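The chain contents come next:
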Amino acid sequence: MIGAGAMLPAARLDHPGVRCRRGVGDALGVEYVSRGPRPPLDGLIDDLYYLGGAPPYARLTLPPMPAALIIVNLGAPFRIRAGTDIETAEYADGCVVTMPTRALGFGYPLPTRSVGVHFKPWGLAPFLPMPAAELCDRPVTVEQVWGRPATAELRDRLATADGPHEMLTLLEEELMRRLCETAGLGLVRHTSSVIAASRGAVAIGDLRVAAGVSSTHLAQRFKELIGVTPKRLARTYRFAATVFAIDPAGPIDWADLAGDAGYFDQAHFGHEFRAFTGLTPARYIEVRQRFLREHPGHALDGWPLPAD
């Protein structure tokens, strides 16, 4: 995500090494630098990233993905709308987002500057003072989670750091200091990893039996640490894997795509598309093609959708 705030860059679920890319076709360009964390954070986090410059669009829509997020904002406030039934809110210091179940709307100032963390679905739990379910589809500010003095100090240190790489090191050190033991994390992490490996195509009942716990216990732990049930996590993994398999620049056989992903039929597939993106599959492709056409090779292409 971006901004003086946030922009979820391309929603990749793994970022090995250090990456530095600049947007193509933008007057100011976008600088995006990311790297994976050191152990033990690597079991919780996909990557830490820096994002600065001009967002490709003033407003972007981010469909749900199997990940959680912290963004520390270093610029002007950005705005988030978490679903049609929640008012757009302004976030000055940044935001904390547990795994969403609906698309998020992000509004960005020009220019934008932020650092953030893409967590694995279970990875945010050790850094939260409350159950993840309390934040499901309700982003909060970093201050609401880590407190005003600590957040202000962190933002000051990040703002005066000598470049993106030092900023990521500072953020990683902050996370290491805050890492704490979390009851049930091993169970949720292992079960979620099985769901991820199958891209959501796994029977939740089998996972419960393998873990040796009741369905109620497993669901409760998932809601406490991820914010959603195992079934919902599997559904999100399946949708994300299906979308990433689409080449918007080429021909698409929707029937084959739906069948390969394990959907009952095209109607089921279309229903999931609308539930996750608010768009029909055909309209989704049109929007993705617009991004490719207007910002070819952009560092953020892949998941965010133009909302303007």
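Conventions and cut-offs
- Residues numbered from 1 in each chain as written.
- Predicted model: local features only at pLDDT ≥ 70, side-chain atom pairs only at ≥ 80, totals over all residues.
- Heavy atoms only, no water.
- Helix = DSSP H or I, 4+ residues; strand = E, 2+ residues; numbered from the N terminus.
- Contact = heavy atoms within 4.5 Å.
- Areas by Shrake-Rupley, 256 points an atom, 1.4 Å probe, with all protein chains shown as cover.
- Buried < 20%, exposed > 50% of the residue type's maximum accessible area, 1.4 Å probe, protein only.
- Core = buried A, V, L, I, M, F, W, Y, C linked by side-chain atoms within 4.5 Å.
- Axes fitted to C-alpha atoms, helices over the stretch in contact; angles between N-to-C directions.
- Parallel < 35°, antiparallel > 145°, perpendicular 65-115°, else oblique.
- Nonpolar A, V, L, I, M, F, W, Y, C, P; charged D, E, K, R; others polar.
- Pairing = 2+ DSSP bridges.
- Salt bridge = Lys/Arg side-chain N within 4 Å of Asp/Glu carboxyl O.
- Phe/Tyr/Trp six-rings, centres within 6.5 Å; stacked < 30°, edge-to-face > 60°.
- Lys NZ or Arg CZ within 6 Å of the ring centre and 35° of its normal.

(A) Examining the overall build of the protein chain more closely. A tally of regular secondary structure across the protein chain gives 10 helices and 11 strands. Of the contacts formed within the protein chain by residues at least 6 apart in sequence, a portion of 73% connects residues at least 24 apart. Per element, the accessible surface of the protein chain, about 12,800 Å² overall, is 52% carbon and sulfur.

(B) Representation of the side chain of Thr151 in the model. Tracing the backbone shows Thr151 in helix H2 (residues 148-159). For Thr151, a relative accessible area of 3% corresponds to the buried category. If we ignore the near neighbours within four places in the chain, the residues touching Thr151 are Asp93, Val142, Glu143 and Trp146.

(C) Just the nonpolar core, in detail. Val96, Phe119 and Leu175 are the most contacted members of the largest nonpolar core, which totals 48 residues. Here the element with the most residues in this core is helix H3 (residues 164-178); it accounts for five residues. Residues in contact with Leu175, not counting those within four places in the same chain, are Leu41, Ile45, Leu48, Val117, Phe119, Phe127 and Trp146. By size, the runner-up hydrophobic cluster in this structure holds 41 residues, among which are Ile80, Tyr108, Phe239 and Phe291.

(D) Expanded view of the packing of helix H4 (residues 185-197) against helix H6 (residues 215-225). Where H4 meets H6, the axes come as close as 10 Å, and the angle between the chain directions of the two elements is 95°. Put simply, H4 runs roughly perpendicular to H6. Listed contacts from H6 to Leu185, Leu187, Val188, Thr191, Ser192 and Ile195 of H4 are His217, Leu218, Arg221, Phe222 and Leu225. Among the residues making up the contact of H4 with H6, the classes are represented as seven nonpolar, three polar and one charged.

(E) Looking closely at the sheet that holds strand S4 (residues 59-62). The strand order S7-S6-S9-S4-S11 describes an open sheet built from five strands, whose pairing is antiparallel. Every other strand in the sheet has two partners, leaving strand S7 (89-91) and strand S11 (305-306) as the edge strands with one partner each. Here strand S6 (residues 78-82) pairs with strand S9 (residues 104-107) via four bridges, running antiparallel. Along S9, the bridge assignment pairs Ala82 with Leu104.

(F) Geometry of the pattern of salt bridges. Across all of its chains, the model carries 13 salt bridges by this definition. Glu172 is the salt-bridge partner of Arg38, the closest N and O atoms lying 2.9 Å from each other. In this pair, Arg38 is assigned in the loop between strand S2 (30-35) and strand S3 (45-53) and Glu172 in helix H3, connecting sequence segments 134 residues apart. Given the relative accessible area of 37%, Arg38 is considered partly exposed. Classification of Glu172 by relative accessible area gives buried; the value is 4%. Each of Arg157, Glu174, Arg177 and Arg178 takes part in a single network of salt bridges with overlapping partners.

(G) Looking closely at the packing of aromatic side chains. For the structure on display, the rule yields 14 aromatic pairs. Ring centres 5.7 Å apart and planes at 50° place the aromatic pair Phe119 and Phe127 in the tilted group. Relative to Phe273, the ring of Trp254 has its centre 6.2 Å away and its plane inclined at 90°; by these criteria the two rings are edge-to-face. Of this pair, Trp254 sits in helix H8 (residues 254-260) while Phe273 sits in helix H9 (residues 266-277); the two residues are 19 residues apart in sequence, bridging distant segments of the chain. Residue class for Phe273 comes out buried when judged on its relative accessible area of 0%. Here the aromatic cluster, defined as three or more aromatic residues joined through ring pairs, consists of Phe239, Trp254, Tyr263, Phe269, Phe273, Phe276 and Tyr284. The ring of Tyr263 has Arg238 sitting right over it, with the charged end atom 4.3 Å from the ring centre.

(H) Quick look at the pairing of S4. As judged from the four bridges shared by S4 and S9, these two strands associate in the antiparallel manner. Residue pairing in the sheet places Leu62 in a bridge with Leu104 of S9. Of the pairings in the sheet, the one linking S4 to S11 comprises two bridges and is antiparallel in character. Across the sheet, residue Leu60 finds its bridge partner in S11, namely Pro306.

(I) Region of the structure containing the packing of H2 against H3. With their axes 9 Å apart at the nearest point, H2 and H3 run at an angle of 155° to one another. Classed by the angle they form, the pair H2 and H3 counts as roughly antiparallel. Here Ala150, Leu154, Arg157 and Leu158 of H2 lie close against H3, whose contacting residues are Met167, Leu170, Leu171, Glu174, Arg177 and Arg178. Split by residue class, the contact of H2 with H3 holds six nonpolar, no polar and four charged.

(J) Quick look at the environment of Pro109. Within the secondary structure, Pro109 is located in the loop between S9 and strand S10 (112-119). A relative accessible area of 17% places Pro109 in the buried class. Along the chain, Pro109 and Tyr57 lie 52 residues apart, while their C-alpha atoms are 9.8 Å from each other.

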